[in-house]
Amino acid sequence: TALLTQAEQVDVMERLEIMLRNISELRREVEELRGSLQRLAVEIVGEVRSHLEETQKVTRRRRFPFARERSDSTGSSSIYFTASSGTVNTDDGESEGGYSTANAESDYDRESEHESEEGEDEVSCETVRTARRDSLDLVNEDETQLLLDSSLEEGLGQLLQQADRLHRGSEQEQREGFQLLLNNKLAYAEQKDFLWRLARAHSDMYVLTEDVDEKRSYAAEGKEELEVALQKWDQSAECHQWYAVLCGQFAEHESIQKRIQTGYVFKELIDKAIALKPEDPMSYYLLGRWCYQVSHLGWLEKKTAAALFETPPTATVQDALRNFLRVEELSPGFSKAVRVYIAK
């Protein structure tokens, strides 16, 4: 091959310099675009949170539209006791993730206390009648409130156990569990352990339905429930777990870029859940799923991640196996899916 002349060498060097300059400019533009997208994402999240907060305020204002002097509040009571008025099986052991109840005074509590003084409410539930009849004999208002809170705790405990049992059941039972939680949303919308179970039920419905639009709707609604919950209960491992799951389900119908971006969010949420509750096998199962998926990313997905993010997600099959084995260690037989992934 003949050597290039000096003029040709200069021409080649100039072309290489132009190419390097173009690459540098392109890289700078990508960085600016990434920064713009991140700022836009922050703005969108802020707007969504503001909208959700306003929606919650409107919902709370509408939830008990009657004036305090009225005693015909039936809508709230009938929903509140949906779980406890029927036959509830409580012999299935502890609820899946455990639960705790809050004793904060609500509008419903104050409405019920006033109705107990008037004695005019005709709600058919025996629990309500008993609580209100007993409250007539009490002089101390604190003791009256304690009795109402006790009744609230008992109803919520039965509801959560029933929801956990239905979640572990057949497809029909999972649908029933979803409807059960929806029916009780107005009564328990301020309860952390109720909200993450409602979000979990949305995830169940996402899996059960075949229609793409319905899938997106279930995932979006479940995410909204937990976005509100995480503003109040950032230390709840279950809230972080199911928010990660719903984010992943929603991203299944998005672009490659969105799916990769959601992968970072998913990993952060699961890491937080493990930090909050290190002995929960569910978190290690989800982390194992994430590692397995990342280890099997295709060429296009890897190139996209490398182009858009400074540190693309990395994980190996051994990372996934280690997490799945940890699940088996913490809870043998936790899920058939765990053993399937271990076999893979």
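Quick caveat: nothing in here was measured; it's all calculated off a predicted structure.

Rules of the game
Residues numbered from 1 in each chain as written. Predicted model: local features only at pLDDT ≥ 70, side-chain atom pairs only at ≥ 80, totals over all residues. Heavy atoms only, no water. Helix = DSSP H or I, 4+ residues; strand = E, 2+ residues; numbered from the N terminus. Buried < 20%, exposed > 50% of the residue type's maximum accessible area, 1.4 Å probe, protein only. Contact = heavy atoms within 4.5 Å. UniProt positions renumbered as here; feature names shortened; annotations may be inferred. Patch = residues over 30% accessible without salt bridge, like charges linked within 9 Å, V, L, I, M, F, W, Y side chains within 5 Å. Areas by Shrake-Rupley, 256 points an atom, 1.4 Å probe, with all protein chains shown as cover. Salt bridge = Lys/Arg side-chain N within 4 Å of Asp/Glu carboxyl O. Phe/Tyr/Trp six-rings, centres within 6.5 Å; stacked < 30°, edge-to-face > 60°. Lys NZ or Arg CZ within 6 Å of the ring centre and 35° of its normal. Expected span 1.5 Å × (residues − 1). Polar contact = N/O pair within 3.5 Å; in protein donor to acceptor, adjacent residues only side chain to side chain.

S.K.: So what exactly am I meant to see when it comes to the overall build of the chain here?
M.R.: A tally of regular secondary structure across the chain gives 16 helices and 0 strands. Put simply, the chain has 344 residues, and 38% of those count as buried. In the chain, the proportion of contacts linking residues at least 24 apart, taken out of those at least 6 apart, comes to 71%.

S.K.: In this structure, what is going on with the UniProt feature "coiled-coil region" (unreviewed entry) in the chain? I would like to understand it.
M.R.: Annotation from UniProt places "coiled-coil region" (unreviewed entry) at residues 13–43. Secondary structure content for residues 13–43 is 100% helix and 0% strand, while the C-alpha to C-alpha distance between its ends is 45 Å.

S.K.: What is the right way to read a nonpolar patch on the surface from this model?
M.R.: On the surface, a nonpolar cluster with roughly 670 Å² of combined accessible area is contributed by Leu4, Val12, Met13, Leu16, Met19, Leu20 and Ile23. Structurally, Leu4 is set in the segment before α1 (6–63).

S.K.: Teacher, can you tell me more about the packing of aromatic side chains here?
M.R.: Two measures describe an aromatic ring pair: the distance that separates the ring centres and the angle between the ring planes. Throughout the structure, instances matching the rule amount to 6 aromatic pairs. Ring centres of Phe178 and Tyr218 lie 5.7 Å apart, and the angle between their planes is 90°; this geometry places the pair in the edge-to-face category. Of this pair, Phe178 sits in helix α7 (residues 171–183) while Tyr218 sits in helix α10 (residues 212–232); the two residues are 40 residues apart in sequence, bridging distant segments of the chain. Three or more aromatic residues joined by ring pairs form one cluster here, namely Tyr285, Tyr292, Phe324, Phe334 and Tyr341. For the cation-ring pair, Lys215 lies above Tyr206, with the distance from its terminal atom to the ring centre recorded as 4.4 Å. Over the face of the ring belonging to Tyr284 we find Arg326, whose NZ or CZ atom lies 5.5 Å from the ring centre.

S.K.: I'm lost on helix α13 (residues 281–295) in this one. Help?
M.R.: Every α-helical turn comprises 3.6 residues, leaving residues that sit three or four positions apart pointing alike. The terminal C-alpha atoms of α13 lie 21 Å apart, and with 15 residues this matches the ideal 21 Å at 1.5 Å per residue to within 8%. Within α13, 12 of the 15 residues are buried, which leaves the element mostly enclosed by the surrounding structure. For α13, the complete set of buried residues consists of Pro281, Met282, Ser283, Tyr284, Tyr285, Leu286, Leu287, Gly288, Trp290, Cys291, Tyr292 and Val294. Considering only its buried residues, α13 is in contact with α11 (237–251), α12 (256–276), α15 (317–330) and α16 (336–343). Of the residues that open α13, the one with a side-chain oxygen 3.0 Å from the backbone nitrogen of Met282 is Asp280.

S.K.: Honestly, the pattern of salt bridges in this entry has me stumped. Any pointers?
M.R.: A side chain with one charge can pair with a side chain of the opposite charge if their charged atoms come near. For the structure shown, the criterion picks out 16 salt bridges. With its nearest N and O atoms 3.7 Å apart, the salt bridge here joins Glu301 to Arg259. Taken together, the positions of Glu301 in helix α14 (residues 299–308) and Arg259 in helix α12 put the pair 42 residues apart, joining distant regions of the chain. A relative accessible area of 32% places Arg259 in the partly exposed class. Ionic contacts of the salt-bridge type, sharing partners, join the residues Asp164, Arg197 and Arg200 into one network.

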